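Commentary on secondary and tertiary structure
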Amino acid sequence: ARTFYTYMYLYLIFLITIPHFAWTLAPPSPMTELKKLFRIRTITAFVRFVSDDFTDDDKSTESTCSLEEKIRLSSEFLSNLQAKFEKSGYTVQTLRIATNPFGEYLLKNENVDLDHHLTRLDNILAKYGIDFCSLGPATSVDQINNYCPRIIASSPRLSCSAQIDGNDIQAAKAAAECILQISAASAPEFLQGGLGNFRFCSTSCCPGNIPFFPSAYSSQQVNSFAVGLENGAMAYALLSESNSISNIAKKFHEGMAPALLPIQHICEEEHKKGSFSFLGIDTSLNPSLDEGGSVAAAIESLDEVRSDFGGPGTLAAAAEVTKAIQSLPSIKTTGYCGLMLPVCEDRRLAELTNVNVTNFLSISSVCGVGVDTFPIPASTDRESLQALLLDVAALASRWNKPLSCRVFPVGKAGEMTNFDSPYLCNSRIYSL
């Protein structure tokens, strides 16, 4: 009898412990693993301002919301959504507001006191904890020449852009002059070292509702929002697992799409409440400065990329990745949905010596986002920079794809940049 009870006791212990060991030995699900490999770079609220929002009595005849009320409501919405994401285990890096093009509300009245309006806007943004606000694109040469430099110099919170069509030589000239003027500024302090151009770019064929700055602007009549990612580590995991270009679509559809669905579900629940409409997720591959966060290194992991990024096979890989992230099943998308290659935000790109601006233009023809955080000599003349902006605009117009150009005129060709910014790494300065 004692033997019988001993066996029964051991059998019960076996039944209790086996599930525990099976659970501890089982690998985590792919979706759980991928969740750890990306962050939410931005939740961007798109808000429409009108000129009456900037009247001294702070009343609007078109809307019951004053300027401060619109920003307050946006800040509360963004903070609440951030809390929900973080409760679900996601990291949210920034909360942002993007407006309709600034000419529609800042420049409507004669004798406008632009500096007063910008100071007031900046103070309200600071009051409600918004550190990033894009005022949209300049849509005329006059706006580029006379207002973009003042917006960038007014506050480190404010961004804007210059809209350039494919053959608009005068707009490209004005944008080039604006870039050089910003880069040469030594005051206020936040403009020193050429960092002002981090908040300014040219845009071509860029629609509204891109969540990434500085090209972001609102094209909506109602409040809305979108999400942008930082996902270089996810890109590396999926591409190294793909091995070959032929497997990219399958791996991204089976891996990235399920990993983003929980984010989309949270956004859709907020959409149902009616205060802000959900526009989608920008599925762009976007690097981080962390170890293993380089998108360029992820591309290099593919069998067909036979040398460093920029060599043979790179264009084919970029094209296939872009096709995959633009067709993720069940994911609502907005924005670029392309391959982001910002030189000073991708450590692998920053250390390469075999690439030049022509390589980046070539790759942009099959993906996006354009030429980004690209350091060029401070001595670059206006004509050369204008030509580059026209090249980007021509490429965007020819293929009807959103492209932007953000360059940093600093230092001398061949030297290293000397940026002191948590958002940038240092890179070799490229000749144009």
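Look above for the structure.
The following refers to the structure shown. Bear in mind that the values here come from a model prediction, so they are computed numbers and not experimental data.

**Observations regarding the overall build of the protein**
Within the protein, the regular secondary structure consists of 14 helices and nine strands. At 24 Å, the protein has a C-alpha radius of gyration in line with the 22 Å of a compact globule built from 432 residues. Within the protein, the proportion of its 432 residues that are buried is 53%. When contacts within the protein are restricted to residue pairs at least 6 apart in sequence, those whose partners lie at least 24 apart make up 77%.

**Focus: unusual backbone geometry**
Here the residue pair Ala 187 and Pro 188 is connected by a cis peptide bond, since its omega of -5° sits within 30 degrees of zero. Its place among the elements puts Pro 188 in the loop between α7 (169-184) and β5 (200-204). Here the amide bond leading from Phe 213 into Pro 214 is cis, since omega sits at 5°, within 30 degrees of zero. You can see Pro 214 is positioned in the loop between β5 and β6 (224-230). Although it is not a glycine, Thr 373 sits at a positive phi angle of roughly 40°. Position of Thr 373 relative to the elements: it lies in strand β8 (residues 370-376). The residue Asn 400 is not glycine, and still its phi comes out positive at about 50°.

**Description of the pattern of salt bridges**
Counted under the stated rule, the structure contains 24 salt bridges. For Glu 68, the salt bridge identified is with Lys 127, shortest N-O distance 2.6 Å. Here Glu 68, found in helix α3 (residues 67-87), pairs with Lys 127, found in helix α4 (residues 114-127); they are 59 residues apart in sequence, far enough to count as distant. Residue class for Glu 68 comes out partly exposed when judged on its relative accessible area of 23%. A relative accessible area of 56% means that Lys 127 is categorised as exposed.

**Comments concerning the nonpolar core**
One broad rule of soluble globular proteins: the nonpolar side chains tend to lie buried together. Ranked by internal contacts, the top residues of the largest apolar core, which has 111 residues, are Phe 85, Phe 102, Leu 135, Phe 252 and Met 256. Excluding anything up to four places from it in sequence, Phe 85 contacts Ile 40, Ile 43, Tyr 90, Val 92, Val 227, Ile 263, Ile 266 and Cys 267. Formed by seven residues, the second largest nonpolar core is a distinct cluster that contains Phe 46, Phe 132, Ala 226 and Leu 279.

**A look at the sheet that holds strand β9 (residues 403-409)**
Pairing is mixed in the open sheet, where nine strands are placed in the order β7-β6-β1-β2-β3-β4-β5-β9-β8. Two strands bound the open sheet, and with one partner strand each, they are β7 (277-282) and β8. Here the strands of the sheet are splayed against their neighbours by 25° on average, with no regard to which way each runs. Direction of pairing for β6 relative to β7: parallel, over a ladder of five bridges. Bridge pairing in β7 links Gly 228 to Asp 282. Against the sheet, helix α9 (residues 248-272) makes contact with β1 (39-47), β6 and β7, and its axis sits at roughly 165° relative to β7, the strand it touches most.

**A few points about the environment of Ile 43**
Note that Ile 43 resides in strand β1. For the pair Ile 43 and Val 227, spaced 184 residues apart in sequence, the C-alpha to C-alpha distance is 4.7 Å. If near-sequence neighbours (up to four positions away) are discounted, Ile 43 is found in contact with Leu 78, Leu 81, Gln 82, Phe 85, Val 92, Thr 94, Leu 95, Arg 96, Phe 225 and Ala 226.

**Points about the packing of aromatic side chains**
For the structure shown, the criterion picks out 13 aromatic pairs. Between the aromatic rings of Phe 38 and Tyr 90, the centroid separation amounts to 6.1 Å while the plane-to-plane angle is 40°, which identifies the pairing as tilted. Within this pair, whereas Phe 38 is found in the loop between α2 (30-35) and β1, its partner Tyr 90 is found in the loop between α3 and β2 (92-99), the two being separated by 52 residues in sequence. Note on accessibility: Phe 38 and Tyr 90 belong to one class, buried. A centroid spacing of 5.6 Å and a plane angle of 75° characterise the contact between Phe 360 and Phe 374, whose relative ring orientation is edge-to-face. Linking Phe 360 in helix α13 (residues 357-364) with Phe 374 in strand β8, this pair joins segments that are 14 residues apart in sequence. As far as burial versus exposure is concerned, Phe 360 and Phe 374 are alike and both buried. One aromatic cluster is present, built from ring pairs that chain together Phe 77, Phe 225, Phe 276 and Phe 278.

Scoring rules and cut-offs
- Once a new chain begins, its residue numbering starts again from 1 and follows that chain's sequence as written.
- At least 70 in pLDDT is required for a residue's local features to be given in this predicted model, at least 80 for side-chain atom pairs to be given and counted, and no such filter applies to totals for whole chains, interfaces and linings, which use all residues.
- Hydrogens are left out, water is left out, and the side-chain values use all remaining heavy atoms of the structure.
- Helix and strand assignments come from DSSP, with helices taken as H or I runs of at least 4 residues and strands as E runs of at least 2, each series counted from the N terminus.
- To get the radius of gyration, use the C-alpha atoms; to get the globule rule, take the number of residues to the power 0.38 and multiply by 2.2 Å.
- Burial here depends on accessible area, computed with a 1.4 Å probe over protein chains only, as a share of the maximum for the residue type. Under 20% is buried, over 50% is exposed, and the range in between is partly exposed.
- Note on contacts: a residue pair is in contact if any heavy atoms of the two residues lie within 4.5 Å.
- Here, a salt bridge means any side-chain nitrogen of Lys or Arg that lies within 4 Å of a carboxyl oxygen of Asp or Glu.
- By nonpolar core we mean a set of buried residues, namely Ala, Val, Leu, Ile, Met, Phe, Trp, Tyr and Cys, connected to one another through side-chain atoms within 4.5 Å.
- Between any two strands, at least two bridges found by DSSP are needed for them to pair.
- Interaxial angle, 0 to 180 degrees, is taken between N-to-C directions of lines fitted to C-alpha atoms, where a helix line uses only the stretch in contact.
- Each pair of aromatic rings taken from Phe, Tyr and Trp, with Trp reduced to its six-membered ring, is defined by centres within 6.5 Å and is described as stacked if the planes are under 30 degrees apart, edge-to-face if over 60, and tilted in the remaining cases.

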